[in-house]
Amino acid sequence: MNASTFSQYSIAANFTNDSLIILYSIGVAVTLLISGAVYFFCRQSQWAISKTLLRLLIVAAGYLFFAQYFKYRSLHFYVDFSHWMQLLYTIVDTGFPHALNQEFIVPGSLNYFSVHFVPFIYILAMPFKLIPSPETVIVLNVVLMLSAAIPLYKLAFYMRKDRHFALLIAALLLWYPTFQYITLYEFEMLRFSIPILLWMLYFFETRRTLLYFLFAFLAIFVREEMGLTIAIFGIYAWFFQKRRREGLPSIFLGLGGFALITSVIMLMLRSGEYIHVAAGEFSKFGSSPFEIVVGVIRHPVVMFQMILNPLKLANLFMLGFPLLFVPLASPSALLGMMANVGTGLLSKSVIHTSYQLYYLAPSVPFIFYALLKAWPSLTLPSPLGRGVGVRIRGWVGGWGEKPLMNALLTAVIVSNIFFGPSPISLQFWFKDIRPAPFRTQDFHGSTYRVITHHQKVEEFVDLIPNDAIVSAPQFLHPRLYKKKGTMMFPKLQSQDGKWRAEYVLLDITNNGLKLESPAYVTQTEMAVVRENSEWKFMKADDGYELYRRHLFLKDDSL
């Protein structure tokens, strides 16, 4: 997580207000009632959803590209997108993963791999080099994320030998609310663990060992904490699947990779004092991975207080609810998500377990893997004939494959209506309905509306030299990625004072943001530049104002 992330995820204090409780209560009840009705209807009629409808649902998930694109065009992307754009642009230009924006905030972190170890970004830099534009990043994001349906489809077909079932599982993933939220979030690297881990799981099940280790190795290069996930899955492979050939090496690969990256490589890449960007969230236990493990063991009461946070548990509930908690019928297959979920539960920040953010992305593949593992035990005929879900000798059977398939799809779609971000969701159509009070993240239809004001910003961006440092509100940063660096206005210099903004670009309309938004800039803050003789006014139009520092001017006639 970079420092800008917190501004994105600022949460209103009344997270558990009455309106949210009512929304979730109604949503959960309606989802259970409708999916239950569908189940019993289909159990009597043996009706099954058609392959054509499933394919249409899969194709309809392509809306994610248009949603991201129009959100970018309407200035509803923020500093995180700009941060990754600058990193890609710098890699293409110099070959080095330098992020001056990060250096402004944390001196010594110019090499971004000292903040988060994300070598996978070099793979994305190759197509970006051919077409260096925000649209390229948006296309890459959606294509890679939607491609996760391919290994999941292949895995489902391999395990059940039923193309109808495999299509259903692919559709479930693409309309699973958490998957859509992760894809629609501006940009970051942890999300790509989803397709990579699904390929890894597919090759694990098909016993193609070399390809399994290739994707396990690739997963570690998505972000530094992924080594823990690989190690935990190695434990599952060894102890639960009796696959020592894959299990033991996976444990060593994961733990060794995590230790090497976090304790050696990231330290070497930091030119100043090294403190991991997320260390503060685990300060109750320690400042290093080893200290945190020891701290958790020594302070079990604090550990349980962190884990049993009602908001964290509610978010974990929302991970399983759209799939009617079917994955819980195969608990051992869920072991692979324990490192990811466990880290989130031990964090002081609630956002690390939010089902609407990307932090739990590595857990998604294991949720669907557990669903596939659980499927036979739930759908095999019960010894009592057509009895529904009767527990016999430690297992549950007789739910019926077609009825349960239809009920699951219904639950995912209805959950998406109440809790998801898609055009079929309530929050897309009703501005006052929001499943979580993030003060910047918004999925209402108006968020995607592009007006003249949004198009006008390019005129001001073109007036700023690419070798200049610019201070601007967060929502203007994605348009400034080609500049030498950007600061979040009202910041006008770096944390250590070594860098100063040379231009200031303002938007007096705040792009329609409300005062409580962390990206909102007050008139008082704007006056610091307007009323300071050190800044020269350049241009104003349609709510935008551009200033530049006098000392930077070489030709004051402009």
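### Details of the pattern of salt bridges
For step 1, the next point in the chain: Scanning the entire structure with this criterion turns up 13 salt bridges.
For step 2, the next point in the chain: Notably, a salt bridge pairs Glu 225 with Arg 223, separated by 2.8 Å at the nearest N-O pair.
For step 3, the next point in the chain: Here Arg 479 makes a salt bridge to Glu 458, at a shortest N to O gap of 2.7 Å. A residue pair is termed long-range when its members are at least 10 positions apart, and Arg 479 in the loop between β3 (469-472) and β4 (485-488) and Glu 458 in helix α23 (residues 452-462) qualify at 21 residues.
For step 4, the next point in the chain: Beyond isolated ion pairs, a larger network of salt bridges with shared partners links Lys 456, Glu 459, Lys 539 and Asp 541.

### Brief notes about the packing of aromatic side chains
For step 1, the next point in the chain: A complete count under the given rule lists 48 aromatic pairs for this structure.
For step 2, the next point in the chain: Ring plane angle 40° and centroid distance 5.9 Å describe the contact between Phe 120 and Phe 192, whose orientation is recorded as tilted. A residue pair is termed long-range when its members are at least 10 positions apart, and Phe 120 in the loop between α6 (100-105) and α7 (121-130) and Phe 192 in the loop between α11 (177-184) and α12 (193-205) qualify at 72 residues. Here Phe 120 matches Phe 192 in class, with each residue buried.
For step 3, the next point in the chain: Taking the centre distance of 5.7 Å and the plane angle of 20° together, the rings of Trp 199 and Phe 203 count as stacked. One end of the pair is Trp 199 and the other is Phe 203, both in helix α12 and four residues apart, which spans about a single turn.

### Here's the deal with helix α14 (residues 226-240)
For step 1, the next point in the chain: In a regular helix each residue adds 1.5 Å, so 15 residues correspond to 21 Å; α14 covers 21 Å between its end C-alpha atoms and thus fits that length.
For step 2, the next point in the chain: Considered for burial, the residues of α14 that qualify are Met 226, Gly 227, Thr 229, Ile 230, Ala 231, Phe 233, Gly 234, Tyr 236 and Ala 237.
For step 3, the next point in the chain: In this structure, the buried residues of α14 make contact with α12, α13 (209-220), α15 (244-269), α19 (338-346) and α20 (364-379).
For step 4, the next point in the chain: In the segment just after α14, Lys 242 is the residue with positive phi, at about 55°.

### Concerning the sheet that holds strand β6 (residues 535-541)
For step 1, the next point in the chain: In spatial order, the strands read β4-β3-β5-β7-β6; together these five strands make up an open sheet with mixed pairing. Each of the sheet's edge strands pairs with one partner strand only, and the pair in question is β4 and β6. Across the sheet, the mean angle from the axis of one strand to that of its neighbour is 20°, orientation sign disregarded.
For step 2, the next point in the chain: The sheet contact formed by strand β5 (residues 503-507) and strand β7 (residues 544-549) spans five bridges and is antiparallel. Bridging across to β7, Leu 505 finds its partner in Leu 546.

Calculation rules
- Residues numbered from 1 in each chain as written.
- Predicted model: local features only at pLDDT ≥ 70, side-chain atom pairs only at ≥ 80, totals over all residues.
- Heavy atoms only, no water.
- Salt bridge = Lys/Arg side-chain N within 4 Å of Asp/Glu carboxyl O.
- Helix = DSSP H or I, 4+ residues; strand = E, 2+ residues; numbered from the N terminus.
- Phe/Tyr/Trp six-rings, centres within 6.5 Å; stacked < 30°, edge-to-face > 60°.
- Buried < 20%, exposed > 50% of the residue type's maximum accessible area, 1.4 Å probe, protein only.
- Expected span 1.5 Å × (residues − 1).
- Contact = heavy atoms within 4.5 Å.
- Pairing = 2+ DSSP bridges.
- Axes fitted to C-alpha atoms, helices over the stretch in contact; angles between N-to-C directions.

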